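Now for the letters of each chain:
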Amino acid sequence: MALAVGMRVLTRSLLRPWVRGPGATPGRTGPVAGGGDCVRCFGSPRVLVEPDPAAGFAVMKMRNPPVNSLSLEFLTEMLISLEKLESDKAFHAIIITSDCPGIFSAGLDLKEMCGRDPTHYAEYWKAVQELWLRFYLSHLVVISAINGVSPAGGCLLALSSDYRVLADNPKYAIGLNETLLGIVAPFWFKDTLVNTVGHRVAERALQLGLLFPPAEALRVGMVDQVVPEDQVQSAARSVLAQWLAIPGHARQLTKTLMRKPTADRLLKERDADIQNFVRFISRDAIQKALRTYLEKLKQKKS
Ligand SMILES: CCCCCCCCCCCC/C=C/CC(=O)SCCNC(=O)CCNC(=O)[C@H](O)C(C)(C)COP(=O)(O)OP(=O)(O)OC[C@H]1O[C@@H](n2cnc3c(N)ncnc32)[C@H](O)[C@@H]1OP(=O)(O)O
């Protein structure tokens, strides 16, 4: 309910034409980070959408610095941008990438799961579920251009796409590392990973909280392509052409056929999953583990 209200407010206030670049003003064309002109960018403070309707796709850039952690507001903004693109017949695909150098996404925002009350945890988890369901089942082709590190929820986001291109940088590790934080990846995180890399690789990766560097990620099938860092965006665009050449209805029905059973498991148990999460995350031991982890991240700097 709160999410629905929040989304209505955000939809009204945030999704206006958005133009990037020094001195750019809304409604005008301006330069964009990757070069070239942004014809009609739109979006919200944390999500920049660069549409190319003539080519049938849009680039969705995450920009929630410093690490694109998936806060409630950020999740909501991503959801709104995705829904907007899905409801516009001009778009058949999106490329999701990051605007934060070296970071695709640091995953779920630990501050949303630490020191808050059960109502907040429930609202947050519902938003996490919603974004996953929307990305995982989107009728659009979703390509991840992974230009940075992507642990846990960042990895889940990438795994929910149809194809993953990862920049070849040893720092850009990807994986579901929840156990390293003393928490447990929920069954639908696990199912998404199993569907991608198979049961044995997933079992080992999940128990050990493995974060795979690019060559390893490619070897186990966690990503589909590893390319030099400066070619991630162009490689994502090239591969998109192949996906868009397939008759849309046939591809979409096939995607549904492959993914619906996994999504249905969560859809059938959504409320129970929220209750499980709230119970689990509210435990003193889990709260302590998360605080310690956040503290370690801070200490790493000093
Ligand atoms: C009985 C069984 C029941 C089962 C029930 C199951 C129920 C469910 C269980 C719960 C499941 C919950 C699932 C969670 C999934 C997640 O996504 S958890 C998040 C995991 N993420 C991480 O581990 C990444 C942590 N971050 C990093 O490793 C690094 O920050 C980085 C490699 C991404 C970037 O490094 P660097 O560039 O050096 O930046 P930093 O200085 O480390 O960070 C800058 C700044 O950002 C803060 N930060 C980093 N990550 C997060 C985050 N995920 N959330 C919030 N904040 C984050 C960091 O603390 C710094 O803040 P300050 O500047 O110090 O304030």
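Within each chain, residue numbers correspond to sequence positions counted from 1 in written order. Predicted model: local features are reported for residues with pLDDT of at least 70 only, side-chain atom pairs are reported and counted for 80 or more only, and whole-chain, interface and lining totals are derived from all residues. In computing side-chain values, all of the structure's heavy atoms are included and hydrogens and water are not.

**A closer look at the overall build of the protein**
Only runs of H or I of at least four residues qualify as helices and only runs of E of at least two qualify as strands under DSSP, and these elements are numbered from the N terminus. Helix and strand counts for the protein stand at 11 helices and 13 strands. Evaluated residue by residue, the protein yields a buried proportion of 52% over its 302 residues. Here, two residues are considered to be in contact whenever any of their heavy atoms come within 4.5 Å of each other. When contacts within the protein are restricted to residue pairs at least 6 apart in sequence, long-range pairs at least 24 apart make up 72% of them. Accessible areas in this description were obtained via Shrake-Rupley with a 1.4 Å probe; residue shielding takes into account the shown protein chains only. Total accessible area on the protein stands at roughly 14300 Å², and carbon and sulfur atoms take up 57% of it. Buried, partly exposed and exposed residues are distinguished by accessible area as a fraction of the type maximum, computed with a 1.4 Å probe on protein chains only: under 20%, between the cut-offs, and over 50%, respectively.

**Some details on the packing of helix α3 (residues 118–137) against helix α5 (residues 187–197)**
Interaxial distance between α3 and α5 falls to 12 Å at its minimum, and their mutual angle equals 25°. Considering their axes alone, α3 and α5 lie roughly parallel with respect to each other. You can see that α3 and α5 cross each other, and the crossing is left-handed. Each of W125, V128, Q129, W132 and Y136 in α3 lies in contact with α5, whose residues at this interface are W188, F189, T192 and N195. Under this grouping Gly is polar, as are all residues other than the nonpolar Ala, Val, Leu, Ile, Met, Phe, Trp, Tyr, Cys and Pro and the charged Asp, Glu, Lys and Arg. Residues of the contact of α3 with α5, tallied by class, amount to six nonpolar, three polar and no charged. Working convention: axes come from line fits to C-alpha atoms, limited for helices to the stretch in contact. Angles between N-to-C directions cover 0 to 180 degrees. Oblique is the label for any angle not covered by the other classes, which are roughly parallel (under 35 degrees), roughly antiparallel (over 145) and roughly perpendicular (65 to 115). What makes a crossing left-handed is the near helix being turned counterclockwise from the far one by less than a right angle; a clockwise turn instead makes it right-handed.

**Regarding a positive patch on the surface**
Exposure above 30% relative accessible area and the lack of any salt bridge qualify a residue for a patch; like charges then connect within 9 Å, and the nonpolar side chains Val, Leu, Ile, Met, Phe, Trp and Tyr within 5 Å. Should a side-chain nitrogen of Lys or Arg be within 4 Å of a carboxyl oxygen of Asp or Glu, the pair is scored as a salt bridge. Residues scored as charged are limited to Lys and Arg (positive) and Asp and Glu (negative), so that His and the chain ends carry no count. By convention, the point assigned to a charge is CZ for Arg, NZ for Lys, CD for Glu and CG for Asp. A grouping of K111, K298, K300 and K301 is seen on the molecular surface, where their side chains present a positively charged patch. As for its placement among the helices and strands, K300 is situated in helix α11 (residues 284–301). The class of K300 is exposed, set by a relative accessible area of 65%.

**Focus on the site of the ligand**
Any residue with a heavy atom positioned within 4 Å of a molecule or strand is treated as near that molecule or strand. In the region of the ligand, 27 residues are neighbours, and A106, L108, Y293, K300 and K301 sit closest. Between N or O atoms, a polar contact is any pair within 3.5 Å; within protein, one atom must be a potential hydrogen donor and the other a potential acceptor, and residues adjacent in sequence are included only when both atoms are from side chains. A distance of 2.8 Å separates a nitrogen atom of the ligand from a polar backbone atom of A106. A distance of 3.2 Å is found between an oxygen atom of the ligand and a side-chain nitrogen or oxygen belonging to N177. Considered on its own, the ligand offers 1300 Å² of accessible surface; in the complex 77% of this is hidden by protein. For the shell around the ligand, the secondary-structure elements that each account for two or more residues are β10 (148–151), α10 (270–282) and α11. Its residues assigned to classes, the shell around the ligand shows 17 nonpolar, four polar and six charged.

**Re the pairing of strand β7 (residues 93–98)**
Where a strand is regular, its side chains alternate between the two sheet faces. β7 sits mainly inside the fold: six of its six residues count as buried. Going residue by residue along β7, you find A93, I95 and T97 tucked away on one face and I94, I96 and S98 tucked away on the opposite face as well. The pairing criterion is simple: DSSP has to find at least two bridges between the two strands. Bridge count between strand β6 (residues 57–62) and β7: six bridges; the pairing is parallel. By the bridge assignment, F57 is partnered in β7 with A93. Handedness of a crossover: with both strands directed away from the viewer, a clockwise path from the first strand across the helix to the second marks it as right-handed. After leaving β6, the chain enters helix α2 (residues 72–86) and then returns to the sheet as β7, a path that is right-handed. Relative to strand β9 (residues 141–146), β7 is paired through four bridges, and the arrangement is parallel. Its bridge partner lying in β9, A93 is registered against V141.

**Considerations on α10**
How far a helix is expected to stretch is found by multiplying one less than its residue total by 1.5 Å. With 13 residues, α10 extends 18 Å between its outermost C-alpha atoms, agreeing within 8% with the 18 Å of an ideal straight helix rising 1.5 Å per residue. For α10, every residue scored as buried is listed here: R270, D273, I274, F277, V278, F280 and I281. Packed against the buried residues of α10 are α3, α5, α9 (248–268) and α11.

**Thoughts on the confidence of the model for the protein**
When pLDDT is averaged along the protein, the result is 90, and 87% of the positions lie at 70 or above. On a range of 0 to 100, pLDDT expresses the predictor's confidence in each residue. Low pLDDT, under 50, characterises residues 5–35; the stretch is placed with 63 contacts to residues that sit more than four places away or in other chains. Taken together, the chains of this predicted complex give a pTM of 0.91 and an interface ipTM of 0.97.

**Section: the sheet that holds strand β8 (residues 102–103)**
By way of backbone hydrogen bonds, the strands of a sheet pair with one another, either parallel or antiparallel. If you trace the three strands from one edge of the open sheet to the other, you get β8-β10-β12, paired in parallel fashion. What marks the edges here is a single partner per strand, and that holds for β8 and β12 (174–175). In this structure, β8 lies alongside β10, joined through two bridges in parallel fashion. When the bridges of β10 are listed, I103 appears paired with V149.

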